[in-house]
Amino acid sequence: MMDFAQLGWEAGTVGELDHRLLKAPHVKLRAATPGPSGDVVYSVDLRINEPNSVFLSSTEMHSFEHFLLWGFQKYMPKNFISVGLMGCQTGFYLILFNEGRMQAVHDVYEKILNDVLAASEVPYANIAQCGNYKNHSLELAQALARRVLEAKSNWRQVI
Ligand SMILES: [Zn+2]
């Protein structure tokens, strides 16, 4: 059994939880999947909105996703595997290789959100790198980043 507390996570919040209890925005470890050689794949939920309350728009999600892809690749090149949208439009799935420390994830997330605020364009928002390149809004991504940053002291408060 992995020592989630040593990684900084509250052990009781790891795994699947009743979505009616979730607070947001939060950063939560969903799973840690070890391989036979000792490598570990970490699945992290970047929840933005409380479930079944307010939903992110397609444009908000899309531009924010581009920034997450860009930022985690930039700051964690050896660990970043992927980021994906939650189909319920309330957050994102982050997948990392061999990095599951809560503080490390928080620190990079915060850096990326600050980069969003300072950005002059959405990364990869062009016809060669995106499958729906007109569906972007820097302003919406910045408003989202600002809201998540303002809630930083609550990122650990999953339930
Ligand atoms: Zn795209």
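Okay, so let's go over this structure. (Residues numbered from 1 in each chain as written. Predicted model: local features only at pLDDT ≥ 70, side-chain atom pairs only at ≥ 80, totals over all residues. Heavy atoms only, no water.)

**A closer look at the overall build of the protein chain**
Working step 1: Counting its regular elements, the protein chain contains four helices and four strands.
Working step 2: The order of α-helices and β-strands along the protein chain, N terminus first, is α-β-β-α-β-β-α-α.
Working step 3: Here the C-alpha atoms of the protein chain give a radius of gyration of 15 Å, agreeing with the 15 Å that 2.2 N^0.38 yields for 159 residues.
Working step 4: Considering the protein chain as a whole, with its 159 residues, one finds that 46% of them fall into the buried category.
Working step 5: The long-range fraction of contacts in the protein chain, counting pairs at least 24 apart against all pairs at least 6 apart in sequence, stands at 64%.
Working step 6: Surface exposure of the protein chain reaches about 8200 Å², of which carbon and sulfur atoms provide 51%.
Working step 7: Measuring between centres, the 14 positive side-chain charges of the protein chain sit 1 Å from its 16 negative side-chain charges. (Helix = DSSP H or I, 4+ residues; strand = E, 2+ residues; numbered from the N terminus. Rg over C-alpha atoms; globule rule 2.2 N^0.38 Å. Buried < 20%, exposed > 50% of the residue type's maximum accessible area, 1.4 Å probe, protein only. Contact = heavy atoms within 4.5 Å. Areas by Shrake-Rupley, 256 points an atom, 1.4 Å probe, with all protein chains shown as cover. Lys, Arg positive; Asp, Glu negative; His and termini not counted. Charge placed at Lys NZ, Arg CZ, Asp CG, Glu CD.)

**Re the environment of K74**
Working step 1: Tracing the chain through its elements places K74 in helix 2 (residues 58-75).
Working step 2: Of note is the side chain of K74, whose polar atom sits 3.5 Å from the side chain of Y75. (Polar contact = N/O pair within 3.5 Å; in protein donor to acceptor, adjacent residues only side chain to side chain.)

**Focus on the packing of helix 3 (residues 102-118) against helix 4 (residues 138-150)**
Each pair of packed helices can be summarised by the angle the axes make with each other and by the distance between the axes.
Working step 1: Interhelical geometry of helix 3 versus helix 4 gives an angle of 140° and a closest axis separation of 8 Å. It follows that helix 3 is oblique to helix 4 by the angle criterion. Between helix 3 and helix 4 lies a crossing whose hand is left-handed. Taking contact as the criterion, the partners of Y109, E110, L113, N114, V116 and L117 in helix 3 are, on helix 4, L138, A141, Q142, A145, R146, V148 and L149.
Working step 2: The class makeup of the residues in the contact of helix 3 with helix 4 is nine nonpolar, two polar and two charged. (Axes fitted to C-alpha atoms, helices over the stretch in contact; angles between N-to-C directions. Parallel < 35°, antiparallel > 145°, perpendicular 65-115°, else oblique. Left-handed = near helix turned anticlockwise from the far one by under 90°. Nonpolar A, V, L, I, M, F, W, Y, C, P; charged D, E, K, R; others polar.)

**Notes on the packing of aromatic side chains**
Working step 1: Applying the stated criterion to the full structure yields three aromatic pairs.
Working step 2: For the ring pair Y109 and W155, a centre distance of 4.8 Å and an interplane angle of 40° mean the geometry is tilted. Of the two residues, Y109 is situated in helix 3 and W155 in the segment after helix 4; the sequence distance between them amounts to 46 residues.
Working step 3: Above the ring of W155, the side-chain terminus of K152 is found at 5.8 Å from the ring centroid. (Phe/Tyr/Trp six-rings, centres within 6.5 Å; stacked < 30°, edge-to-face > 60°. Lys NZ or Arg CZ within 6 Å of the ring centre and 35° of its normal.)

**What to know about the pattern of salt bridges**
Working step 1: Enumeration over the complete set of coordinates arrives at five salt bridges.
Working step 2: Between E16 and R30 there is a salt bridge; the shortest N-O distance is 2.3 Å. Of this pair, E16 sits in the loop between helix 1 (4-7) and strand 1 (26-34) while R30 sits in strand 1, placing them 14 residues apart in sequence.
Working step 3: Residue classification places E16 among the exposed positions, given a relative accessible area of 60%.
Working step 4: Among the salt bridges present, the one from R30 reaches D45, with a minimum N-O distance of 2.9 Å. Residue R30 is found in strand 1, and its partner D45 is found in strand 2 (residues 40-47); the two are separated by 15 residues along the sequence.
Working step 5: Here R30 falls in the partly exposed class, since its relative accessible area comes to 21%.
Working step 6: Connected via shared salt-bridge partners are E16, R30 and D45. (Salt bridge = Lys/Arg side-chain N within 4 Å of Asp/Glu carboxyl O.)

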